[in-house]
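The lines below spell out each chain.
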Amino acid sequence: MQGKITRIISNLYTVEAEGQIYECRARGKFYHDGLTPLVGDLVIIDADNKYILELKPRKNVLLRPTIANIDMAVIITSTKQPNLDLNLLDRLLCIIIHNKIEPIICFTKIDLLSFKDKKIIKNLIKYYRKIGIKCLTNNDIRKLTKMIKDKTVVLTGQTGAGKSTLLNKLDNSLNLATQPISKALGRGKHTTRHVELFKYKTSLIADTPGFSALDLKELTKEDIKNSFLEFNLSCEFKDCMHQEEKNCEVKKLVGAGDILTSRYQNYLKFMEDLNGNKRINY
Ligand code: ZN
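Quick caveat, the model's predicted, so the values are computed rather than measured. (Residues numbered from 1 in each chain as written. Predicted model: local features only at pLDDT ≥ 70, side-chain atom pairs only at ≥ 80, totals over all residues. Heavy atoms only, no water.)

Student: Would you explain the sheet that holds strand S12 (residues 197-200) in this entry?
Tutor: Adjacent strands of a sheet form backbone hydrogen bonds with each other and so pair up, either parallel or antiparallel. In spatial order, the strands read S10-S9-S8-S11-S13-S12; together these six strands make up an open sheet with mixed pairing. Each edge of the open sheet is held by one strand with a lone partner, namely strand S10 (134-137) and S12. Here the average twist between neighbouring strands, direction ignored, is 30 degrees. Pairing geometry for strand S11 (residues 152-156) and strand S13 (residues 203-206), over two bridges, is parallel. Pairing of Val 153 across the sheet is with Ile 205, part of S13. The strands that helix H3 (residues 115-130) touches are strand S9 (102-108) and S10; relative to S10, the one it contacts most, it runs at about 155 degrees. (Pairing = 2+ DSSP bridges. Helix = DSSP H or I, 4+ residues; strand = E, 2+ residues; numbered from the N terminus. Axes fitted to C-alpha atoms, helices over the stretch in contact; angles between N-to-C directions. Contact = heavy atoms within 4.5 Å.)

See below:
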């Protein structure tokens, strides 16, 4: 029977398979092969004896927290308090796309914006949609529920961007379930934090404030270039890095206003940061 690991506590693996929950142990052979089962892993289990028999190949692995096989990442992007941070948004998009995860941008706190600022956000949504990225606001809960149907999802974004509010809107019980254990049990800071996938309708949602500190350093310049989807579609020169090159279509389109200036500036900044081999954290 095939299932998915939703929780690991010491050497007990919670596996969801065909709508049932199985508390399994792992066969020692994984460790001999140097494999450690992770939350999110697809596994074959012996349901009668409650053993994990086999680990399926992973689509991706996120570090800190460690989760395998993430399908989608919702980037919760505050438009005010904290202010809109397009550098962070583009950085997260880079990492997410590079890890073969589908991003969804969710703009929050739109109601705090002036008419003029709302228009700016509207244009941003239009732009990101045009380049093939799903976008919505935190008022589009039904749309979001539809988008994440049957998927394993992480939520990410800066502190105070409204993750709890969003979880609450999805399902009140989900937000309670995703409270850090230490808080839920009233223990101190030193309680071991574990990662868990929670069921929401047919989706699984990771209980993490976001996969922080995945550095762009892990990405090469080529990776960054490839994750700026619209640049590569625009410029016909395959080897063009869209920097100093003459006749680069990307630069022309930035000049013409067809490519967002912020996108291009962030791109140059990420490239420059890699030159200095600087670690990029957020
Ligand atoms: Zn170019």
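Student: Where do I start with the sheet that holds strand S3 (residues 20-26) in this structure?
Tutor: Within the closed barrel, the five strands sit side by side as S1-S2-S3-S5-S4. Their pairing is mixed. Ignoring which end each strand starts from, the neighbouring axes of this sheet average 55 degrees apart. The pairing of strand S1 (residues 2-9) with strand S4 (residues 42-46) spans three bridges and is antiparallel. Paired with Gly 3 across the strands is Val 43, a residue of S4.

Student: Where do I start with the pattern of salt bridges in this structure?
Tutor: Side-chain pairs of opposite charge can arise whenever the charged atoms involved come near each other. Enumeration over the complete set of coordinates arrives at eleven salt bridges. The salt bridge involving Lys 56 is made with Glu 54; its shortest N-O contact spans 3.8 Å. Overall, Lys 56 belongs to the partly exposed group, its relative accessible area being 27%. On the basis of relative accessible area, Glu 54 is assigned to the partly exposed category, the value being 38%. With a closest N to O distance of 2.8 Å, Arg 263 and Glu 230 form a salt bridge. One end of the pair, Arg 263, is in helix H11 (residues 261-275); the other, Glu 230, is in helix H9 (residues 229-234), with 33 residues separating them in the sequence. The exposure classification of Arg 263 matches that of Glu 230, with both residues buried. Each member of the salt-bridge network shares a partner with another, and the members are Arg 7, Glu 23 and Glu 196. (Salt bridge = Lys/Arg side-chain N within 4 Å of Asp/Glu carboxyl O. Buried < 20%, exposed > 50% of the residue type's maximum accessible area, 1.4 Å probe, protein only.)

Student: I'm lost on the packing of aromatic side chains in this one. Help?
Tutor: The description of an aromatic ring pair uses the distance of the two centres, along with the angle that the planes make with each other. If you walk through the whole model with that rule in mind, you get seven aromatic pairs. Plain terms: the ring middles of Tyr 127 and Tyr 128 are 5.9 Å apart, the flat faces sit at 85 degrees to each other, and that makes the pair edge-to-face. For the pair shown, Tyr 127 and Tyr 128 are each scored as buried. Taken together, Phe 228, Phe 231, Tyr 264, Tyr 267 and Phe 270 form an aromatic cluster joined through their ring pairs. Above the face of the Tyr 51 ring, Arg 27 is positioned so that its terminal group lies 4.5 Å from the ring centre. (Phe/Tyr/Trp six-rings, centres within 6.5 Å; stacked < 30°, edge-to-face > 60°. Lys NZ or Arg CZ within 6 Å of the ring centre and 35° of its normal.)

Student: Just to check I follow, could you spell out helix H5 (residues 163-170) for this structure?
Tutor: Side chains three or four residues apart in an α-helix point the same way, a direct result of the helix having 3.6 residues per turn. All of the buried residues along H5 are Leu 166, Leu 167 and Leu 170. All buried residues of H5 project into a common sector of 100 degrees when viewed along the axis, lining one side. (Arc of directions from axis to C-beta.)

Student: Please explain the coordination of the zinc ion as it appears in this structure.
Tutor: Ideal coordination angles are 109.5 degrees for a metal with four donors arranged tetrahedrally and 90 or 180 degrees for a metal with six donors arranged octahedrally. Distances from the zinc ion to its protein donors, Cys 235 (SG), Cys 240 (SG), His 242 (ND1) and Cys 248 (SG), fall within 2.2 to 2.5 Å. If you look at the zinc ion, its four donor atoms make angles of 106 to 116 degrees with each other, and the shape they trace is tetrahedral. Every donor residue of the zinc ion comes from the same chain, spaced as C-x4-C-x1-H-x5-C. In this pair, the class of His 242 matches that of Cys 248, namely buried. (Donors = N, O, S within 2.8 Å, 3.2 Å for Na, K, Ca; no water. Tetrahedral: all angles 85-135°; square planar, octahedral: opposite > 155°, others 65-115°.)

Student: For this particular structure, what's the right way to read the nonpolar core?
Tutor: Within soluble globular proteins, side chains that are nonpolar tend to cluster in buried spots. Among the nonpolar cores identified, the biggest contains 47 residues, and Leu 89, Ile 105, Phe 107, Tyr 128, Ile 224, Val 250 and Tyr 267 are the most heavily contacted of them. Among the secondary structure elements, those contributing two or more residues to this core are strand S8 (72-78), helix H2 (86-98), S9, H3, S13, helix H10 (249-256) and H11. Considering every element that reaches this core, the biggest residue donor is H2, with seven residues. Contact partners of Phe 107, with chain neighbours within four places excluded, come to Thr 77, Thr 79, Leu 84, Leu 89, Ile 121, Leu 124, Ile 125, Cys 135, Leu 136, Thr 137 and Asn 138. One finds Met 72, Cys 106, Leu 155 and Tyr 200 within the second-largest nonpolar core, a separate group that totals 20 residues. (Core = buried A, V, L, I, M, F, W, Y, C linked by side-chain atoms within 4.5 Å.)

Student: Looking at this structure, I do not really get unusual backbone geometry. What am I missing?
Tutor: One can expect most non-glycine residues to show negative phi and most peptide bonds to be in trans. Between Gln 81 and Pro 82 the backbone carries a cis peptide bond, its omega angle lying at -5 degrees. Positionally, Pro 82 belongs in the loop between S8 and H2. Despite not being glycine, Glu 18 shows a phi value in the positive range, around 50 degrees. Residue position: Glu 18 is located in the loop between strand S2 (12-17) and S3. For Glu 18, a relative accessible area of 65% puts it in the exposed group. For His 242, which is not glycine, the phi torsion reads 60 degrees and is therefore positive. With respect to the element layout, His 242 can be found in the loop between H9 and H10. Judged by relative accessible area, which is 1%, His 242 ranks as buried.

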